[in-house]
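# Residue-level structure breakdown
The lines below spell out each chain.
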Amino acid sequence: MEANEHEHVIEVTGLRRVYGGGFEAVRGIDFSVRRGEIFALLGTNGAGKTSTVELLEGLAAPAGGQVRVLGHDPYTERAAVRPRTGVMLQEGGFPSELTVAETARMWAGCVSGARPEGEVLALVGLEAKAGVRVKQLSGGQRRRLDLALALLGDPEVLFLDEPTTGLDAEGRHDTWDLVSALRDRGTTVLLTTHYLEEAENLADRLAIMHEGRIAVTGTPAEVTASEPSRITFELPDGYFVGDLPPLAALGVSDHTVDGRTVRLRTRELQRAATRLLLWAQETGVELRRLDVRSASLEEAFLGIAKDASAATATKKEYAA
């Protein structure tokens, strides 16, 4: 066991993946995942998330750079890595005529030290479906079966590719609780997801990919801090934006007005909100429908994607 395996169980350096025809899906990325951490890999369709995860799982060799999982190369040292990892793919291919229990039992035969199938089916809420044929399961139930099979080996590292696709709200929250409990037991989890709320609720840290590169990485709070917070309210009749204290003095970077509704954007939320409320109190003004909130991960995600696209377009213009 290498020394850094105790802290970082996944290390990616300069990672590249190139498909036939020369398409570069992953363009030299770097990140690491600590033991007992949930790390989310986000990005728009085609950003390179799944291509990256497949390299981490050892399903292909990188075109450049290096991957280490639990201190080993997951492609050339697959035998040392695979028994200690669990993988939940975007789509599982199960024999449709087998029952849920038979499928889990068959899969357990391929896993070293597999847990009892009844135990993992109970973990994902499928114990009542043990005798049901796979073809009779709903899409959400199949995703739960995917997760159950990934947990059979009680993995140290768990790869989840879009784990809650097809689940209803209750099933999604149940899965979040299960993944959080696994993390609390010391399991390291790397997941991809299109649900930004999922990443915001689950991830200790995350990275946002765009066109094969990592645009930003950090905790959800650090990433959302890259976007301004918002203060929205309605002014009463007879008052206008010009009656407010100077917006620059409030720490407001920009604003919009829609009828009586004013929206302020600021990177100094506490300062702006405090001064605005003091002004309202001193003036005797009621700020109706007042809404004060930090930026969401969705806003940060869209802003980062927009900035990255603009930067790419600028580079292409210069190259031309």
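This section reports on the structure supplied with the text. Keep in mind the model is a prediction, meaning the values are calculated, not measured.

Another point: empty space enclosed by the protein. Enumeration over the complete set of coordinates arrives at one cavity of 30 Å³ or more. Put simply, the largest cavity is a space of about 60 Å³. Looking at the lining of the largest cavity, the elements with two or more residues in it are helix H2 (78-81) and strand E5 (85-88).

A word on the sheet that holds E5. Overall, mixed pairing links the six strands, which are arranged E5-E6-E7-E3-E8-E9 in an open sheet. Pairing within the sheet leaves two strands with one partner each, and these edge strands are E5 and strand E9 (213-218). Each neighbouring strand pair of the sheet contributes to a mean axis angle of 15°, computed without reference to strand direction. Examined bridge by bridge, E5 and strand E6 (residues 157-161) share four bridges and lie parallel to one another. From the neighbouring strand, Gly-86 faces E6, where its bridge partner is Leu-158.

Among the residues making up helix H3 (residues 100-108), those that are buried are Val-100, Ala-101, Thr-103, Ala-104 and Ala-108. Angularly, the buried residues of H3 cover 160° about the axis, an arc narrow enough to put them on a single face. On the buried face of H3, the contacting elements are helix H4 (117-123) and helix H5 (139-150).

A word on the packing of aromatic side chains. Each aromatic ring pair is characterised by the separation of its centres together with the angle its planes make. With the rule as written, the count across this model stands at two aromatic pairs. Here the aromatic rings of Tyr-239 and Trp-279 are separated by 6.5 Å at their centres, their planes lie at 85°, and the arrangement is edge-to-face. In this pair, Tyr-239 sits in the loop between strand E10 (229-234) and helix H9 (247-250) while Trp-279 sits in helix H10 (residues 269-283), placing the two residues 40 residues apart along the sequence. Judged by relative accessible area, which is 26%, Tyr-239 ranks as partly exposed. Sitting over the face of the ring of Tyr-195, Arg-172 holds its NZ or CZ atom 4.0 Å from the ring centroid. Sitting over the face of the ring of Phe-240, Arg-260 holds its NZ or CZ atom 5.2 Å from the ring centroid.

Moving on, we get to the pairing of strand E7 (residues 188-192). A large share of E7 lies buried, amounting to five of its five residues. The side-chain alternation of E7 yields two buried faces, one formed by Thr-188, Leu-190 and Thr-192 and the other by Val-189 and Leu-191. When E6 meets E7, the two strands line up parallel, connected through five bridges. Within the sheet, the bridge partner assigned to Leu-160 lies in E7 and is Leu-191. The β-α-β motif built from E6, the intervening helix H6 (residues 169-184) and the parallel element E7 has right-handed crossover chirality.

On the surface, Asp-168, Glu-170, Asp-174 and Asp-177 cluster together to form a negatively charged patch. Of note, Asp-177 is situated in helix H6.

Moving on to the sheet that holds strand E1 (residues 8-18). On the basis of which strands lie adjacent, the open sheet formed by three strands has the order E2-E1-E4 and antiparallel pairing. A single partner strand is all that each edge strand has here, and the edge strands are strand E2 (24-34) and strand E4 (64-69). Across this sheet, the average inter-strand angle for adjacent strands is 15°, counted without regard to direction. Pairing geometry for E1 and E2, over eight bridges, is antiparallel.

Cut-offs applied
- The written sequence of each chain sets the order in which its residues are numbered from 1.
- The model is predicted, so local features are restricted to residues of pLDDT at least 70 and side-chain atom pairs to those at 80 or more, both for listing and for counting; the totals for chains, interfaces and linings are taken over all residues.
- Note: side-chain values were computed over all heavy atoms of the structure, leaving out hydrogens and water.
- Of the grid points, spaced at 1 Å and generated over the protein atoms alone, those admitting a 1.4 Å probe that cannot get out make up cavities, while open sets with protein on both sides within 12 Å along at least five of seven lines make up pockets; any residue with an atom within 4 Å of a point is treated as lining.
- Grid points are joined across faces, edges and corners, and a volume is the space filled by probe spheres set on the points.
- By the criteria applied, helices consist of DSSP H or I runs no shorter than four residues and strands consist of E runs no shorter than two, each listed in order from the N terminus.
- One bridge is not enough; two strands pair if DSSP finds at least two bridges between them.
- Each axis is a line fitted through C-alpha atoms, and for a helix only the stretch in contact is used; angles between axes span 0 to 180 degrees, taken between their N-to-C directions.
- Using a 1.4 Å probe on the protein chains alone, a residue whose accessible area is under 20% of its type maximum counts as buried, one over 50% counts as exposed, and one in between counts as partly exposed.
- Summarising the geometry, the arc corresponds to the directions from the helix axis toward the C-beta atoms.
- Should any heavy atoms of two residues lie within 4.5 Å, those residues are considered in contact.
- To pair, rings of Phe, Tyr and Trp, with the six-membered ring standing in for Trp, must have centres within 6.5 Å; the planes then decide the type, stacked if under 30 degrees apart, edge-to-face if over 60, and tilted in the middle.
- Remark: a charge is flagged as sitting over a ring if the NZ atom of Lys or the CZ atom of Arg is within 6 Å of the ring centre and within 35 degrees of the ring normal.
- With its strands directed away from the observer, a crossover is right-handed exactly when the path from the first strand over the helix to the second travels clockwise.
- To count toward a patch, a residue needs a relative accessible area above 30% and no salt bridge. Like charges then connect within 9 Å, nonpolar side chains (Val, Leu, Ile, Met, Phe, Trp, Tyr) within 5 Å.
- In short, Shrake-Rupley with a 1.4 Å probe defines the accessible areas, and a residue's cover is counted only from the protein chains shown.
- A side-chain nitrogen of Lys or Arg and a carboxyl oxygen of Asp or Glu constitute a salt bridge if their distance falls within 4 Å.
- Just so you know, the count uses Lys and Arg for positive and Asp and Glu for negative, and it drops His and the chain ends.
- Lysine's charge is taken at NZ, arginine's at CZ, aspartate's at CG and glutamate's at CD.

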